[in-house]
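The residues making up each chain are set out below.
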Amino acid sequence: MNERSFDEYHLSDEIKRALDVLKYENPTEVQIEVIPRALENQDLVVKSQTGSGKTASFGIPICENIEWEEKKPQALILTPTRELAAQVREDITNIGRFKRIKAMAVYGKEPFSKQREELKQKTHVVVGTPGRVIDHIERETLVLDNIKYLIIDEADEMLNMGFINKVETILKELPTNRVTMVFSATLPKDVETLCHKYMIEPKNIEIASTGITTDTIEHGLFEVREEGKIPLLKDITVVENPDSCIIFCNTKEHVNTVYNELEESGYSCEKLHGGLEQESRFAVMDGFKMGNFRYLIATDVAARGIDIDNVSLIINYDIPMEKESYVHRTGRTGRAGKEGKALTFETPHDGKYLKAIERYIGFEIPTVEAPKRHEVIKGQAAFDEKISGRRVVRNNKTARINQDILKLHFSGGKKKKIRAVDLVGTIANIPGVTAEDIGIITIQDSLSYVDILNGKGSVVLQAMETTTIKGKKLKVTPAIK
Ligand code: AMP
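## Examining the overall build of the protein
Along the backbone of the protein there are 18 helices and 17 strands. Relative to its length of 481 residues, the protein is compact, with a C-alpha radius of gyration of 23 Å against a globular reference of 23 Å. Taking the principal axes of its C-alpha atoms as reference, the protein extends roughly 65 × 60 × 40 Å. Taking the contacts inside the protein whose residues are at least 6 apart along the sequence as the reference set, 76% of them involve residues at least 24 apart. Accessible area for the protein stands at about 21,800 Å²; split by element, carbon and sulfur atoms hold 49% of it. One way to put it: in the protein the 68 positive side-chain charges average out to a point 5 Å from where the 73 negative ones average out.

## Focus: the packing of helix 13 (residues 323-330) against helix 14 (residues 351-361)
Two elements in contact, helix 13 and helix 14, have axes whose closest approach is 8 Å; the angle formed by their N-to-C orientations is 65 degrees. With respect to their mutual orientation, helix 13 and helix 14 come out roughly perpendicular. Remark: the crossing between helix 13 and helix 14 carries right-handed chirality. For the pair helix 13 and helix 14, the contacting residues are Lys 323, Glu 324, Tyr 326 and Val 327 in the first and Ala 356, Ile 357, Tyr 360 and Ile 361 in the second. Residues of the contact of helix 13 with helix 14, tallied by class, amount to six nonpolar, no polar and two charged.

## Observations concerning the side chain of Thr 237
With respect to the helices and strands, the residue Thr 237 is situated in helix 10 (residues 229-240). Of the residues examined, Thr 237 reaches a relative accessible area of 1% and is grouped as buried. Leave out the neighbours within four places in its chain, and Thr 237 touches Pro 242, Tyr 267, Tyr 295, Ile 315 and Phe 383.

## Here's the deal with the domain arrangement of the protein
Once the domains are mapped, the protein shows domain 1 (6-206), domain 2 (217-395) and domain 3 (403-478). The C-alpha centroid of domain 3 is placed 32 Å from the C-alpha centroid of domain 1.

## Quick word on the pairing of strand 5 (residues 149-152)
If a strand is regular, its side chains alternate between the two faces of the sheet. On strand 5, burial covers both faces: Tyr 149 and Ile 151 on one face and Leu 150 and Ile 152 on the other are all buried. As judged from the four bridges shared by strand 5 and strand 6 (residues 179-184), these two strands associate in the parallel manner. The residue bridging Leu 150 from the neighbouring strand is Thr 180, located in strand 6.

## Details of the sheet that holds strand 2 (residues 75-78)
Strand order in the open sheet made by the seven strands is 3-4-2-5-6-1-7, with parallel pairing throughout. Two strands in the sheet have a free side with no partner beyond their single neighbour: strand 3 (103-106) and strand 7 (203-206). Adjacent strand axes in the sheet meet at a mean angle of 15 degrees, parallel and antiparallel pairs treated alike. Direction of pairing for strand 1 (residues 44-47) relative to strand 7: parallel, over a ladder of four bridges. Opposite Val 45, over in strand 7, you have Asn 204 as the bridge partner. Its contacts with the sheet put helix 5 (residues 112-120) on strand 3 and strand 4 (125-128), and the angle it makes with strand 3 is roughly 155 degrees.

## Topic: unusual backbone geometry
Notably, Glu 140 is not glycine yet its phi reads approximately 55 degrees, a positive angle. Counting through the fold element by element, Glu 140 comes out in the loop between helix 6 (130-138) and strand 5. The phi dihedral of Glu 154 falls on the positive side, at around 55 degrees, and the residue is not glycine. Judged by its relative accessible area of 4%, Glu 154 is buried.

## Some points on the environment of Glu 138
Tracing the sequence through the fold places Glu 138 in helix 6. Taking the relative accessible area as the measure of exposure, Glu 138 reaches 61% and is therefore exposed. The spatial distance from the C-alpha of Glu 138 to the C-alpha of Glu 223 is 52 Å, given a sequence separation of 85 residues.

## What about the nonpolar core?
One finds Val 125, Met 181 and Phe 410 to be the most contacted residues of the largest nonpolar core, which totals 63 residues. The biggest single contributor to this core is helix 4 (residues 82-95), with six residues. Each of domain 1 (6-206) and domain 3 (403-478) contributes no fewer than three residues to this core. Not counting residues up to four positions away in its chain, the partners in contact with Met 181 are Val 34, Ala 38, Leu 44, Phe 58, Tyr 149, Leu 150, Ile 151, Ile 152 and Met 199.

Cut-offs and rules
- Residues numbered from 1 in each chain as written.
- Predicted model: local features only at pLDDT ≥ 70, side-chain atom pairs only at ≥ 80, totals over all residues.
- Heavy atoms only, no water.
- Helix = DSSP H or I, 4+ residues; strand = E, 2+ residues; numbered from the N terminus.
- Rg over C-alpha atoms; globule rule 2.2 N^0.38 Å.
- Contact = heavy atoms within 4.5 Å.
- Areas by Shrake-Rupley, 256 points an atom, 1.4 Å probe, with all protein chains shown as cover.
- Lys, Arg positive; Asp, Glu negative; His and termini not counted.
- Charge placed at Lys NZ, Arg CZ, Asp CG, Glu CD.
- Axes fitted to C-alpha atoms, helices over the stretch in contact; angles between N-to-C directions.
- Parallel < 35°, antiparallel > 145°, perpendicular 65-115°, else oblique.
- Left-handed = near helix turned anticlockwise from the far one by under 90°.
- Nonpolar A, V, L, I, M, F, W, Y, C, P; charged D, E, K, R; others polar.
- Buried < 20%, exposed > 50% of the residue type's maximum accessible area, 1.4 Å probe, protein only.
- Domains from an automatic or database assignment.
- Pairing = 2+ DSSP bridges.
- Core = buried A, V, L, I, M, F, W, Y, C linked by side-chain atoms within 4.5 Å.

Structure below.
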């Protein structure tokens, strides 16, 4: 264990208080390297994986150095995906909570006008995907005059997704007396070239650990034929009986198949793929974070950069076709020192993908045998008991930091076919309210409870007087505790 402490950085009391609530006791390796240099405004190129604590490594110095009185944005953070933008915004908001740092996310598929209105207010940090950031720059709704920090997060993924030219366009628009930090799991040539062109004597930092470890993650490989995957999946889940589990598939068709199978067998599960509306994607992510269900079946959209506390089991129902994807998927478990398991299904056609993955991660994934009949029978009772209970999330950082919560009672539930997604969709549509203001949702037969965070309870209560859910008018009242 490292004995370093955040005290070395002489952070302000507001930031220290947030780190305390977030339970960040000691800086991680990337934070030890990045924080002091970023506080001194040095340009940095950082090679590190997701899960290493990299977001806080730039989030802490940015929040510390921001001038609260200044109305125009002072930091711009570019991310390759909307989910990551939302995640980074949440992390920055948490770190800057007691300094009242306002961070907002801008990305496509969300009304431009809503973001434009928000950008008119005081905004300290803007987190966004390159395309939408350019839209805002071109339409002069995002003012860059005062940007002092530019962060390019997951630069290699920007390149993979064809965004690197857009990043360059943005770089050309920014004030030159800024600090630039680039974070990337790998450093492809094009990324390096970009760094040389637009950064001032950047310091290279390389965090040795790849984020893929055999210390905290146990890896295993099952050889199986395509048609044997579903029965194997069910047997594994019974024997492993995880508190939380993500099942990764390569296509949305497979996600649907697995979801339907598990749902029919009574698993508490939801699905996530790119074909779903953005709102429902966020609702599902939030529901998983909050512990509303135990099994998430997803394509890779869910794998990148998403910070879900403590997923205990990852199953690669389909072997990832891109080697990097294996690292990102399995990086959802074994986080921040906790233990996790990553199990991969390999069909006879998957050999070349497996070889590429093993070369990339630097070790062979050990083959394990499918659970035996008697093991499944032995585990069944404990499995049935867990699946009928609700997941308990002990460590939700955002919930801890947002203590002003109002629990609302809705006069409808399962019998009216109300689902968490419907409640979130409706509530997040209320002006001034976002999916992040919605906490734990409990749906019973004829009533539901929704926690409204961030002091937005009264806004929701008022709006629900005239709003329907799935076309139904429900009575909404503060819940009696
Ligand atoms: P990231 O690499 O930014 O995705 O962060 C990985 C996880 O580590 C997230 O759940 C962070 O909230 C958590 N984390 C970041 N810094 C620390 C720290 N110093 N101590 C404990 N957990 C941390």
